[in-house]
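Below, each chain spelled out in residue letters.
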Amino acid sequence: MEDLVELRKEIDEVDASIIGLVAKRFTITNEIGNIKRASGLNVHDPEREAYLLKRWAGLGKKYGLEKDISIPILEHLLKFSKAKEAEQIDPKNIVVLGTGSMAAALGMLARSAGHNVYVKGRNREKEKKLAELIGANVLPAREINTDYIILCVPPTAFTKETIKLVSNCHGGALMDISSSKTEYFKKAIKFASESGMKMISTHPLFGLEDAKRGSGIAIITDGKTAKDVEDAASFWTSTGLVAIKMSMDEHEKAMAVSQVLRHAYALGFYDSVSELSNMLKVDYEKACTAKFMQMLENAKAIKSEEWVAAEIAKSNPYSKLVYEIAERNLRKHASSLIF
Ligand SMILES: C=C(O[C@@H]1C=C(C(=O)O)C=C[C@H]1O)C(=O)O
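Procedures and definitions
- Residues numbered from 1 in each chain as written.
- Predicted model: local features only at pLDDT ≥ 70, side-chain atom pairs only at ≥ 80, totals over all residues.
- Heavy atoms only, no water.
- Helix = DSSP H or I, 4+ residues; strand = E, 2+ residues; numbered from the N terminus.
- Phe/Tyr/Trp six-rings, centres within 6.5 Å; stacked < 30°, edge-to-face > 60°.
- Buried < 20%, exposed > 50% of the residue type's maximum accessible area, 1.4 Å probe, protein only.
- Lys NZ or Arg CZ within 6 Å of the ring centre and 35° of its normal.
- Domains from an automatic or database assignment.
- Buried area = accessible area lost by both parts, 1.4 Å probe.
- Salt bridge = Lys/Arg side-chain N within 4 Å of Asp/Glu carboxyl O.
- Nonpolar A, V, L, I, M, F, W, Y, C, P; charged D, E, K, R; others polar.
- Pairing = 2+ DSSP bridges.
- Right-handed = clockwise from strand over helix to strand, strands pointing away.
- Contact = heavy atoms within 4.5 Å.
- Axes fitted to C-alpha atoms, helices over the stretch in contact; angles between N-to-C directions.
- Near = heavy atom within 4 Å.
- Polar contact = N/O pair within 3.5 Å; in protein donor to acceptor, adjacent residues only side chain to side chain.

With respect to the environment of Leu-280
Consideration 1: Considering the arrangement of structural elements, one finds Leu-280 in helix α9 (residues 248–280).
Consideration 2: For the pair Leu-280 and Lys-92, spaced 188 residues apart in sequence, the C-alpha separation works out to 59 Å.

Printed below as a string of structure tokens:
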């Protein structure tokens, strides 16, 4: 039985590599599509395809794989690579700066929409791993024209050195993804202008696990030309996200309700659960509902990143109001229920 588990683990790893490589192949065929479009060549190249069929048969033989297995895979790839090449409208050169989960989520969305995605991080290993995972390329050292550099690093890691990592990238705009805009935004604008880049502030309105087509992304309109906002919106729309244009103040207000307030109660709830259960010496997990556990899980996730919650609360201009109202309502319920 242990062997079965081990072998399945191995299969899972092989499958991840296969998918990563298939996605990488599409990045390359999309780039070929761009070159063909620029030089007026046909997408379909029968000579090249005949060569590939022969080569795949040869490679199959070398690895002991029957033609019946290998050739249909190639045919499937050819069908979709040509379809993607043909349908590509306006592929952008995107650099994902950072190697964390948000970088993975956004890079993946951009990749699957057919954009050319490059990964850049401070750590070479992590950078390579992420590029493989999403079927993108590591940012090459040569000079490169970019449309958007998506800044997926936490505010604390956002320094001049971070920007230097993409000093070979020219053109386009730097996009931050932070949920609290005021402080971060100022810093990002400063760095962007120092390095001659435009700055567009965005905020993906989803958590790390649920970055999927149809989720929203806020685009901050303050101080931006209508064209810059429109271009950014159309890029994100192409990845399947819904672009929501809003002012910085509207965004901060929405964050005050949906993040600062939620975090306040979640952290208060989490701390109260542990304090109260210790005090009562009760094993609440033995006799609680699934809904309670769900709420505790949510609170625990926020607690585990308390510093993020603190940072958002610290820089949100409405936090004081949020805490006043949260406290008042808790007291109101306490007095109407108990006292
Ligand atoms: C990518 C290309 O375009 C098409 C797709 C191919 C592929 O997926 O490998 C090969 C030949 C072309 O019909 C190319 O010309 O290389």
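A look at the packing of aromatic side chains
Consideration 1: Applying the stated rule across the entire model yields 4 aromatic pairs.
Consideration 2: Ring plane angle 70° and centroid distance 6.0 Å describe the contact between Phe-269 and Phe-292, whose orientation is recorded as edge-to-face. Of the two residues, Phe-269 is situated in helix α9 and Phe-292 in helix α10 (residues 290–304); the sequence distance between them amounts to 23 residues.
Consideration 3: With relative accessibility at 21%, the residue Phe-292 sits in the partly exposed group.
Consideration 4: Members of the aromatic cluster, joined through ring pairs, are Tyr-148, Phe-235 and Trp-236.
Consideration 5: Positioned over the ring face of Phe-26 is Lys-84, at 5.4 Å from the centre of the ring.

Things to note about the domain arrangement of the protein chain
Consideration 1: For the protein chain, the domain assignment lists domain 1 (2–87), domain 2 (93–246) and domain 3 (251–337).
Consideration 2: One C-alpha centre belongs to domain 2, the other to domain 3; they are set 31 Å apart.
Consideration 3: Summed over both sides, the interface between domain 2 and domain 3 buries roughly 840 Å², with carbon and sulfur atoms accounting for 60% of that surface.
Consideration 4: For the interface between domain 2 and domain 3, the tally reads 0 salt bridges.
Consideration 5: Breaking the side of domain 2 that touches domain 3 down by element, the ones donating at least two residues are α7 (182–194) and β9 (216–220).
Consideration 6: Among the residues making up the side of domain 2 that touches domain 3, the classes are represented as 6 nonpolar, 6 polar and 2 charged.

Let's talk about the pairing of strand β1 (residues 93–97)
Consideration 1: The buried fraction of β1 is high, at 5 of 5 residues.
Consideration 2: Along β1, one buried face is formed by Asn-93, Val-95 and Leu-97 and the opposite face, lined by Ile-94 and Val-96, is buried too.
Consideration 3: Alignment of β1 against strand β2 (residues 116–120), held across 5 bridges, turns out to be parallel. Note that in β2 the partner of Ile-94 across the bridge is Val-117.
Consideration 4: Handedness of the β-α-β unit built from β1, helix α4 (residues 101–112) and β2 comes out right-handed.
Consideration 5: As paired strands, β1 and strand β5 (residues 148–151) are joined by 4 bridges and run parallel to one another. Each bridged residue has a counterpart across the sheet, and for Val-95 the counterpart in β5 is Ile-149.

Section: the sheet that holds β1
Consideration 1: Pairing is mixed across the open sheet formed by 8 strands, whose spatial order is β3-β2-β1-β5-β7-β8-β9-β10. Only two strands of the sheet have a single neighbouring strand rather than two, namely β3 (137–138) and β10 (242–246).
Consideration 2: Alignment of strand β7 (residues 173–176) against strand β8 (residues 198–204), held across 4 bridges, turns out to be parallel. In the sheet register, Met-175 faces β8, and the bridge partner there is Ile-200.
Consideration 3: This element, α4, spans β1, β2, β5 and β8 of the sheet and lies at about 160° to β2.

So, the site of the ligand
Consideration 1: Around the ligand, the structure places 14 residues, and the nearest of them are Arg-25, Lys-36, Glu-49, Ser-81 and Glu-85.
Consideration 2: Broken down by secondary-structure element, the contributors of at least two residues to the shell around the ligand are α1 (2–39), α2 (46–63) and α3 (67–87).
Consideration 3: Residue classes in the shell around the ligand are distributed as 4 nonpolar, 3 polar and 7 charged.

Topic: the environment of Glu-297
Consideration 1: Tracing the backbone shows Glu-297 in helix α10.
Consideration 2: Sequence-wise, Glu-297 and Asp-3 are 294 residues apart; in three dimensions their C-alpha atoms are separated by 33 Å.

Observations concerning the side chain of Thr-162
Consideration 1: By the secondary structure assignment, Thr-162 is in helix α6 (residues 160–164).
Consideration 2: Overall, Thr-162 belongs to the buried group, its relative accessible area being 3%.
Consideration 3: A polar contact of 2.8 Å, which involves the side chain of Thr-162, links it to the backbone nitrogen of Thr-159.
Consideration 4: When residues no more than four places from it in sequence are discounted, the contact partners of Thr-162 are Leu-97, Val-153 and Ala-157.

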